[in-house]
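# Summary of structural features
Residue-level listing of the chains:
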Amino acid sequence: MSSAVIHADDDAPMDPTLNTILAQKTLRWIFVGGKGGVGKTTTSCSLAIQLAKHRKSVLLISTDPAHNLSDAFNQKFGKDARKVDGFDNLSAMEIDPNGSIQDLLASGEGGEGGMGGGPLGGAMQDLAFSIPGVDEAMSFAEVLKQVKSLSYEVIIFDTAPTGHTLRFLQFPTVMEKALAKMSQLSSQFGPMLSSMLGARGGLPGGQSLEELMSKMESLRETIAEVNQQFKNADLTTFVCVCIAEFLSLYETERMIQELSSYNIDTHSIVVNQLLFPKEDSSCEQCGARRKMQKKYLDQIEDLYEDFNVVRMPLLVEEVRGKEKLEKFSEMLVKPYQPPQ
């Protein structure tokens, strides 16, 4: 396998592969994101397969409620990390962003009632869900707690469609706001809440309001620590996935600008579903579509000349199962050569 290309001068073309990511041994967090339907899950699974060749332990996490990892590998995954069949050092898990905040509000008991029961529970739940992005923030906090205890060498996130992903990456600010609101409520209505809790026998699970706040503070500290890592290009990068169409290119441009505003490194774009018709092909639709795709590919190359732009072909069958994913993953590290 070719090693990462190191560019000594600004005029050298960028390597059209993800080898730079494989070669960067310091990377701990890799996000894969883009508009819905552009092949994010196939790309993240393929990247995880390649990384497993270079790292001792790799964890692939889906934060997309669609739970596509199970479909991609033809294997059921859940909220606990599980080894991917056929791999010794690759595990996967699927997190439901909406489920983890419910779990937190149920105070670790996993009970159906939790804090959702009664007027106080309803008020707390309303407060929690009123903060934009708090579901993503809570889901991330839950993931981090597991990740910290599992000590994987590198973690890949197969993220939800763009809007969710960008909120996901704002979660430290969201948590700060959530804690500030809860702190304010606690100081304003502390005595009343305490007496209400006393009358109801305390919060579910027997914890006090102070214990709940302490739990939230502990999450905030974990989140603040990881936030610093996310802004460190040695530790974190974001792989943008798109197709060669206007809306996808527009979404990618917006995402890259926002990632830059969060100080999150991104230098790789995977362009999926590209047509490579033979020169003597009589298919008019193929030729017209290829012409359109070339126009947007040229724009991508002009806009992102300092990015690794990987061109992936449109295949005649779905990329599902270990063997097909492995075959697809090879094209991330070795440029695709269309048959003559």
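Rules behind the numbers
Residues numbered from 1 in each chain as written. Predicted model: local features only at pLDDT ≥ 70, side-chain atom pairs only at ≥ 80, totals over all residues. Heavy atoms only, no water. UniProt positions renumbered as here; feature names shortened; annotations may be inferred. Helix = DSSP H or I, 4+ residues; strand = E, 2+ residues; numbered from the N terminus. Buried < 20%, exposed > 50% of the residue type's maximum accessible area, 1.4 Å probe, protein only. Pairing = 2+ DSSP bridges. Disulfide = S-S within 2.5 Å. Polar contact = N/O pair within 3.5 Å; in protein donor to acceptor, adjacent residues only side chain to side chain. Contact = heavy atoms within 4.5 Å. Salt bridge = Lys/Arg side-chain N within 4 Å of Asp/Glu carboxyl O. Expected span 1.5 Å × (residues − 1). Axes fitted to C-alpha atoms, helices over the stretch in contact; angles between N-to-C directions. Parallel < 35°, antiparallel > 145°, perpendicular 65-115°, else oblique. Nonpolar A, V, L, I, M, F, W, Y, C, P; charged D, E, K, R; others polar.

For the protein chain, the name recorded in an unreviewed UniProt entry is ATPase get3, with Phyllosticta citribraziliensis as its organism. As stated in UniProt under Sequence similarities (unreviewed entry), the record for the protein chain gives "Belongs to the arsA ATPase family." Quoted verbatim from the Subunit (unreviewed entry) field of the UniProt record, the comment on the protein chain reads "Homodimer."

Turning our attention to unusual backbone geometry. For Asn263, which is not glycine, the phi torsion reads 65° and is therefore positive. Inspection of the secondary structure assignment puts Asn263 in the loop between α10 (246-261) and β7 (268-274). Although it is not a glycine, Gln273 adopts a positive phi angle of roughly 65°. Residue position: Gln273 is located in strand β7. For Gln273, a relative accessible area of 32% translates into the label partly exposed.

Right, let's talk about the pairing of strand β5 (residues 154-158) for a bit. Where burial is concerned, most of β5 is hidden: 5 out of the 5 residues are buried. Burial along β5 is two-sided: Val154, Ile156 and Asp158 and Ile155 and Phe157, pointing in opposite directions, are all buried. Two strands pair when backbone bridges link them, and strand β1 (residues 29-33) and β5 are joined in this way by 4 bridges, in the parallel orientation. Bridge pairing in β5 links Ile30 to Ile156. Bridge count between strand β2 (residues 58-62) and β5: 5 bridges; the pairing is parallel.

As enumerated under the stated definition, the model contains 1 disulfide in all. Covalent S-S linkage joins Cys283 and Cys286, the inter-sulfur distance amounting to 2.4 Å. Every disulfide takes its handedness from the sign of the S-S torsion; for Cys283 and Cys286 that torsion is 75°, giving right-handed. The thiol sulfur of Cys242 is not disulfide-bonded, and the nearest other cysteine sulfur, from Cys240, lies at 7.9 Å.

Turning to the side chain of Asn89, a few remarks are in order. Assignment of secondary structure puts Asn89 in the loop between β3 (82-83) and β4 (90-94). A distance of 2.7 Å separates a polar atom in the side chain of Asn89 from the backbone oxygen of Ala52. Residues within four places of Asn89 in sequence aside, it is in contact with Ala52, Arg55, Lys56, Ser57 and Val58.

Turning our eyes to something else, we now look at the pattern of salt bridges. As enumerated under the stated definition, the model contains 9 salt bridges in all. A salt bridge links Lys294 to Asp298; its shortest N-O distance comes to 3.1 Å. Placement of both Lys294 and Asp298 in helix α11 (residues 284-303) is noted, with a separation of 4 residues, approximately one turn of the helix. On the accessibility criterion, Lys294 (45% relative accessible area) is partly exposed. Salt-bridge contacts for Lys322 lead to Glu326; the nearest nitrogen and oxygen are separated by 3.1 Å. Placement of both Lys322 and Glu326 in helix α12 (residues 322-333) is noted, with a separation of 4 residues, approximately one turn of the helix. Through salt bridges with shared partners, one network takes in Glu251, Arg254 and Glu258.

Moving on, we come to α12. Between its first and last C-alpha atoms α12 spans 17 Å; for 12 residues at 1.5 Å apiece the expected length is 16 Å, and the two agree. All of the buried residues along α12 are Leu325, Phe328, Ser329, Met331, Leu332 and Val333. In this structure, the buried residues of α12 make contact with α1 (19-23), α2 (40-51), α3 (68-73), β7 and β8 (308-313).

In this section: the packing of α2 against α12. Packing of α2 against α12 brings their axes to within 8 Å, and their N-to-C directions diverge by 80°. Classified by the interaxial angle, the pair formed by α2 and α12 is roughly perpendicular. Contacts between α2 and α12 involve Thr42, Thr43, Cys45, Ser46, Leu47, Ile49 and Gln50 from the first element and Leu325, Glu326, Phe328, Ser329, Glu330, Leu332 and Val333 from the second. Of the residues that constitute the contact of α2 with α12, the class distribution is 7 nonpolar, 5 polar and 2 charged.

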